[in-house]
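Residue-level structure breakdown
Below, each chain spelled out in residue letters.
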Amino acid sequence: MPLQTRHRKRTRSSNRSGVSLYLYVLLYALATLVLYQWQVLSFVTGAIDLGSVQGLVILGTLQAVQFFLIVGLMLVLGFVSIWLMKITGAVLFIANALAQYFMSTYGTVIDPSMIGNILNTNQGEAGGLIHPMMFVTTILWGVLPALAALLVPVRRRRRLPVLAVLIAVVAGFVGTVYGANSTWLWFDDNGNRIGPRTLPWSYLGNGARYAAEYQRRNRVPTSLPDGTLTPPADNLRDVVVLVIGEAARGDHLAALGYDRETTPFTDPLGVVAYPGGRSCVTYSVGALACILSFKGNEAEVSDPFEPLPSYLSRTGVDTIVRVNNAGLPPLPGVTIQTAGDVNPPCEEDCPERWFDDQLLTGLSEQIAASTAQTVFVMLHFAGSHGPEYFRRYPPEYQVFTPICRTTLVADCTREELVNAYDNSIRFTDYALSQLIGQLQALPDTRATMLYVADHGQALGENGIYLHGLPNSMAPESQRRIPLMLWFDDEVAQARGLDRAAMSRPIENPQDMIFHTVLGALRVQSPIYRAEYDLFQLSQEGRQP
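Residues numbered from 1 in each chain as written. Predicted model: local features only at pLDDT ≥ 70, side-chain atom pairs only at ≥ 80, totals over all residues. Heavy atoms only, no water.

1. Regarding the side chain of Asp488
So the rule is basically this: Put simply, DSSP H or I for four residues or longer makes a helix, DSSP E for two residues or longer makes a strand, and each gets a number counted from the N terminus. Residue burial is assigned from relative accessible area. The probe radius is 1.4 Å, only protein chains are included, and a residue is buried under 20% of its type maximum, exposed over 50%, and partly exposed in between. In summary, the charge assignment counts Lys and Arg as positive and Asp and Glu as negative, without counting His or the chain termini. The working definition used for a salt bridge is a side-chain nitrogen of Lys or Arg within 4 Å of a carboxyl oxygen of Asp or Glu. N or O atoms closer than or at 3.5 Å make up a polar contact, with two conditions inside protein: a donor-capable atom paired with an acceptor-capable one, and, for residues adjacent in sequence, both atoms drawn from side chains. Any two residues having at least one pair of non-hydrogen atoms within 4.5 Å are treated as being in contact.
By secondary structure assignment, the location of Asp488 is in the loop between strand E10 (480–487) and helix H17 (489–495). As a buried residue without a salt bridge, Asp488 has its nearest oppositely charged side chain in Arg499, at a separation of 6.2 Å. A polar contact is formed between the side chain of Asp488 and the backbone nitrogen of Ala447, at a distance of 2.8 Å. Within polar-contact distance, the side chain of Asp488 engages the backbone nitrogen of Val491 at 3.0 Å. Beyond its immediate sequence surroundings of up to four residues, Asp488 is in contact with Thr445, Arg446, Ala447 and Arg499.

Next comes the structure, spelled out in structure tokens:
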């Protein structure tokens, strides 16, 4: 038999083996709808009246639109290559399983801010989220379906019929959307709640949105108007330290009325605590952009202007940045040190993670060695980063017991979870007291410390944990944050300040950081706004 004839027969035989491309795509779409829609269906069924025709139309429209989208995606991939379709489908199954695990375990959703949290989580933080149940869930709901998607043989189809079916799918999608026009207003009102819960579109679409934001965010920042340093009238050095905390709730600080002693270390030190504050957003990347921008609450993640440390450094302020966390925007012209950089090298029995007080190692010596008359220090704490709150403090600082010792915080009692969280808040207070002690010991210095959290933290209220929800959905626990100010007697005398009279509600505390720092360091700048300077508010009695 001629070779060409045998080849044609083998080709026809292979095309007859396996399932039809259309059946494969149909089964894949149904599997996606059955396995990975728990979160979105839970929200939708709780928001509609299933006993009404309109409610059933909404539910049917949601499922039909997803069906057409999944079928369309798989057909497009299959049109290019059967193996491209199968590999992509397998990867999506595993990603869906992981996403669904985290959404169901922590009550989160996959929006652009959560994508940013995931991509800016360091190795230590990521390790804190790993639990054996994650692997079990991923294998059962992700790996096994992925293997099936890869191993099922699929018959090749001629491209023209596939293209015709694609056109029919598009027509079905358009017909469904326009046929259900009575539901448009409902989907418009609830779209920002449905989208982040719908797999795989939540991480595909929002991942693309985050990538676009990331590109804009990492462009070279635009320089702010030049500032100038006003020489002090005496020989004292001005030192300002900004501490950015992580996931600290204002209602869990004893200094702000909490009924537990979570701030015993700073309470005797004359720290001014401002109640009532809300963070710009509920995720670190956006909050840090807000804190370090002269725009404050109006700043976006992609804010084009240089952030506070870069601006101060360019103005002539000796700028020191130490971090024990991730998420800072690019800081041109500034050297960033980690806790590992400032502590002695470790060769054996090295710690898995650094505690926040270890950022203070040698800090007072570094400040004292500076030849500048103005010094700015920024410390980025790990604070109360969850869900492993019990790993944010040394064992000897565990005061509230029993505690939650698992990443599956929903498996802990409310008491255990709050105890572990409060211990982390208390240890942050200890680290702040140590910092204040170093500042008090500096000779010939006017010293100021500002502490503000990036966002709050949900501890299981209404089944929601951690942070990262959009502002429109976020509970108050994810946004209410502390703002604290400490200054030495030299600052108080120079400005005529009365600590006891300074505390007052400040609704947007992150707006105050940039301008308070500029004022404390005597930076004259066209962008400085006295109404957002805590010292000016205190001196003139204005309301923020």
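2. Observations regarding helix H12 (residues 284–291)
Side chains three or four residues apart in an α-helix point the same way, a direct result of the helix having 3.6 residues per turn. Counting buried positions along H12 gives eight out of eight residues, so the element sits mostly inside the fold. Those residues of H12 lying buried are Ser284, Val285, Gly286, Ala287, Leu288, Ala289, Cys290 and Ile291.

3. Side note on the pairing of strand E2 (residues 237–245)
The two faces of a sheet get side chains in turn, since along a regular strand they alternate between them. Rule in force here: The criterion for strand pairing is that DSSP finds at least two bridges linking the strands in question.
E2 sits mainly inside the fold: nine of its nine residues count as buried. Burial of E2 is two-sided: the residues Arg237, Val239, Val241, Val243 and Gly245 facing one way and the residues Asp238, Val240, Leu242 and Ile244 facing the other way are all buried. Relative to strand E7 (residues 445–453), E2 runs parallel, the two being bridged by nine bridges. Residue pairing across strands places Asp238 opposite Arg446, the latter belonging to E7.

4. Side note on the state of the cysteines
A covalent bond between the sulfur atoms of two cysteines is referred to as a disulfide. Heads up, the rule is: Two cysteine sulfurs form a disulfide in these notes if their separation is within 2.5 Å.
Across all of its chains, the model carries two disulfides by this definition. The side chain of Cys280 participates in a disulfide bridge whose partner is Cys290; the two sulfur atoms lie 1.8 Å from each other. One end of the pair, Cys280, is in the loop between strand E3 (272–278) and H12; the other, Cys290, is in helix H12, and ten residues separate them in sequence. Classification of Cys280 by relative accessible area gives buried; the value is 8%.

5. Regarding helix H9 (residues 159–179)
Put simply, the rule is: By definition here, a helix of n residues has an expected span of 1.5 Å times n minus one. Comment: arc refers to directions from the helix axis out to C-beta atoms.
The first and last C-alpha atoms of H9 sit 30 Å apart over 21 residues, in line with the 30 Å expected at 1.5 Å per residue. When we look at burial in H9, the residues that qualify are Val162, Leu166, Val169, Gly172 and Thr176. Taken down its axis, H9 places every buried residue within 120° of arc, on the same side. The exposed residues of H9 that point more than 90 degrees off its buried face are Leu160, Ile167, Tyr178 and Gly179.

6. A short note on the sheet that holds E3
Cut-off, in case you're wondering: Helix axes use the C-alpha atoms of the stretch in contact, all axes being lines fitted to C-alpha atoms, and the angles between their N-to-C directions lie in the range 0 to 180 degrees.
Ordered by their spatial adjacency, seven strands build an open sheet running E3-E10-E7-E2-E6-E4-E5, and the pairing between neighbours is mixed. Strands at the two margins of the open sheet, each flanked by one partner only, are E3 and strand E5 (336–338). Strand-to-strand twist across the sheet, computed as the mean angle between neighbouring axes with direction ignored, equals 15°. Judged from the five bridges that link them, E7 and E10 form a sheet pairing that is antiparallel. Pairing of Val452 across the sheet is with Leu483, part of E10. Its contacts with the sheet put helix H18 (residues 513–520) on E2, strand E6 (374–380), E7 and E10, and the angle it makes with E2 is roughly 165°.

7. Comments concerning the packing of aromatic side chains
Formally: Note on aromatic pairs: the rings of Phe, Tyr and Trp (six-membered ring only in Trp) are paired at centre separations within 6.5 Å, and the planes decide the class, stacked below 30 degrees, edge-to-face beyond 60, tilted for the rest. A ring has a charge above it when a Lys NZ or an Arg CZ is no more than 6 Å from the ring centre and no more than 35 degrees off the ring normal.
Evaluated as defined, the whole model comprises 16 aromatic pairs. Arranged with centres 4.4 Å apart and planes meeting at 25°, the rings of Tyr28 and Phe93 form a pair that is stacked. Placement of the pair is Tyr28 in helix H2 (residues 21–35) and Phe93 in helix H5 (residues 82–106), with a sequence separation of 65 residues. Looking at Tyr28, the relative accessible area reads 6%, which means it is buried. Of the residues examined, Phe93 reaches a relative accessible area of 4% and is grouped as buried. Judged by centre distance (5.1 Å) and plane angle (80°), the ring pair of Trp38 and Trp141 falls under edge-to-face. You can see Trp38 sitting in helix H3 (residues 38–47) and its partner Trp141 sitting in helix H8 (residues 132–151), a full 103 residues away along the chain. Look at Trp38 and you get partly exposed, because its relative accessible area is 41%. Joined through ring pairs, the aromatic side chains of Phe265, Phe355, Tyr397, Phe427 and Tyr430 make up one cluster. Lying across the ring of Trp83, Lys86 places its NZ or CZ 4.4 Å from the centre. Between Arg159 and the ring centre of Phe79, over which it is positioned, the NZ or CZ distance is 5.3 Å.

8. Some thoughts on the side chain of Thr263
Here Thr263 lies in the loop between E2 and E3. Accessibility expressed as a relative area gives 1% for Thr263, which makes it buried. A distance of 3.0 Å separates the side chain of Thr263 from the side chain of Asp267, its partner in a polar contact. Apart from residues no more than four positions distant in its own chain, Thr263 is found in contact with Leu253, Ala254, Ala255 and Asp429.

9. Remarks on the pairing of E7
In terms of burial, E7 is largely enclosed, as nine of its nine residues are buried. A two-sided burial pattern is seen for E7, the buried positions comprising Thr445, Ala447, Met449, Tyr451 and Ala453 on one face and Arg446, Thr448, Leu450 and Val452 on the other.

10. A short note on the pattern of salt bridges
Going through the model one piece at a time under the given rule, you end up with 16 salt bridges. Here Arg260 ties to Asp422 by a salt bridge, and the two come within 2.8 Å at their closest N and O atoms. With a gap of 162 residues between them, Arg260 in the loop between E2 and E3 and Asp422 in helix H16 (residues 414–440) connect regions that are remote in the sequence. On the basis of relative accessible area, Arg260 is assigned to the partly exposed category, the value being 23%. With its nearest N and O atoms 3.0 Å apart, the salt bridge here joins Arg529 to Glu531. The exposure class of Arg529 is partly exposed, given its relative accessible area of 36%. Bridged by salt links that share partners, the residues Asp234, Asp238, Arg446 and Arg522 form one connected network.

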